[in-house]
Amino acid sequence: SGHANVVIAGGVESFSDVPIRLSRPLRQALITLPKAQKKGGPLGAIRHLTKLKLSDIFGLETPAIANYTTGEVMGVSSDKLSAKFGIYREDQDEFSARSHSLAGIAHAEGWYDDEIVPY
């Protein structure tokens, strides 16, 4: 576009490596622990934590690749959009195959030689 000599682009997605979390009861207990300790001192904190079951302490929450606002996984959203706009899997596969084929041809013909810097 003539507006820059060099452009660096990057991005991050956060669904591929979801952190393993503590169980919900343990998280809640840890959040309210300072209040229990303030009321009962160290003994109050111990009493507070002994209300937990062993599975709460040692059980980890299974990671889920879901959108935090909708609770849906990415595949469900894409299925809904595909149905809404009448885009079928076969069409997507054909588009993807064509796109990869054209990119391969463009690379082979040197169209990207000035765009991609080898490392």
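Residues numbered from 1 in each chain as written. Predicted model: local features only at pLDDT ≥ 70, side-chain atom pairs only at ≥ 80, totals over all residues. Heavy atoms only, no water.

Visitor: Which residues make up the overall build of the protein chain, and what values do they have?
Guide: Helix and strand counts for the protein chain stand at 4 helices and 2 strands. Tracing the protein chain from N to C terminus, the helices and strands come up as β-α-α-β-α-α. Each of the 119 residues in the protein chain was classed as buried or not, and the buried ones make up 12%. When contacts within the protein chain are restricted to residue pairs at least 6 apart in sequence, long-range pairs at least 24 apart make up 52% of them. Summed over all atoms, the accessible surface of the protein chain reaches about 10700 Å², with 60% contributed by carbon and sulfur. (Helix = DSSP H or I, 4+ residues; strand = E, 2+ residues; numbered from the N terminus. Buried < 20%, exposed > 50% of the residue type's maximum accessible area, 1.4 Å probe, protein only. Contact = heavy atoms within 4.5 Å. Areas by Shrake-Rupley, 256 points an atom, 1.4 Å probe, with all protein chains shown as cover.)

Visitor: Any details on the pattern of salt bridges? Residues and values, ideally.
Guide: Pairs can form between side chains of opposite charge once their charged atoms are near each other. Under the counting rule described, the total for this entry stands at 2 salt bridges. A salt bridge links Glu 72 to Lys 80; the shortest N-O distance between them is 2.4 Å. Between Arg 89 and Asp 93 there is a salt bridge; the shortest N-O distance is 2.9 Å. Of this pair, Arg 89 and Asp 93 both sit in helix H4 (residues 89-108), 4 residues apart, which is roughly one turn of that helix. (Salt bridge = Lys/Arg side-chain N within 4 Å of Asp/Glu carboxyl O.)

Visitor: Run through the side chain of His 48, naming residues and quoting values.
Guide: Note on placement: His 48 falls in helix H1 (residues 24-50). Residue class for His 48 comes out buried when judged on its relative accessible area of 17%. Excluding residues that lie within four positions of it along the chain, His 48 makes contacts with Ala 29, Thr 32, Leu 33 and Ala 36.

Visitor: Describe the side chain of Ser 23, with residues and values.
Guide: Along the chain, the position of Ser 23 falls in the loop between strand S1 (21-22) and H1. By relative accessible area, Ser 23 is classed as buried at 10%. Separated by 2.6 Å, the side chain of Ser 23 and the backbone oxygen of Asp 56 make a polar contact. When sequence neighbours within four positions are dropped, the list of residues in contact with Ser 23 reads Asp 56, Gly 59 and Glu 61. (Polar contact = N/O pair within 3.5 Å; in protein donor to acceptor, adjacent residues only side chain to side chain.)

Visitor: Lay out a nonpolar patch on the surface in plain terms, naming residues and giving numbers.
Guide: On the surface, Leu 22, Leu 30 and Leu 60 cluster together into a nonpolar patch covering about 260 Å² of accessible area. Relative to the elements of secondary structure, Leu 30 occurs in helix H1. With a relative accessible area of 41%, Leu 30 lands in the partly exposed category. (Patch = residues over 30% accessible without salt bridge, like charges linked within 9 Å, V, L, I, M, F, W, Y side chains within 5 Å.)

Visitor: Break down helix H3 (residues 74-85) for me, citing the residues and quoting the values.
Guide: One full turn of an α-helix is made of 3.6 residues, so residues set three or four places apart face in the same direction. Relative to the 16 Å expected for 12 residues at 1.5 Å per residue, H3 spans 17 Å between its end C-alpha atoms, a close match to the ideal helical length. Gly 86 occupies a position one or two residues after H3 and carries a positive phi of about 65°. (Expected span 1.5 Å × (residues − 1).)

Visitor: Lay out the confidence of the model for the protein chain in plain terms, naming residues and giving numbers.
Guide: Overall, the predicted model of the protein chain reaches an average pLDDT of 84, with 87% of residues at or above 70. The secondary structure element of the protein chain with the lowest average pLDDT is strand S2 (residues 60-61), at 75, and the one with the highest is H4, at 95. (pLDDT = per-residue confidence, 0-100.)

Visitor: Tell me about H4, and please be specific about residues and values.
Guide: Under the 1.5 Å per step criterion, the end-to-end length of H4 is 29 Å for 20 residues, consistent within 8% with the ideal 28 Å. Gly 110 sits one or two residues past H4 and shows a positive phi near 85°.

Visitor: Lay out the environment of Arg 24 with the relevant residues and their values.
Guide: If you trace the backbone, Arg 24 turns up in helix H1. Spatially, the C-alpha atoms of Arg 24 and Gly 59 are 9.6 Å apart, while their sequence positions differ by 35 residues.

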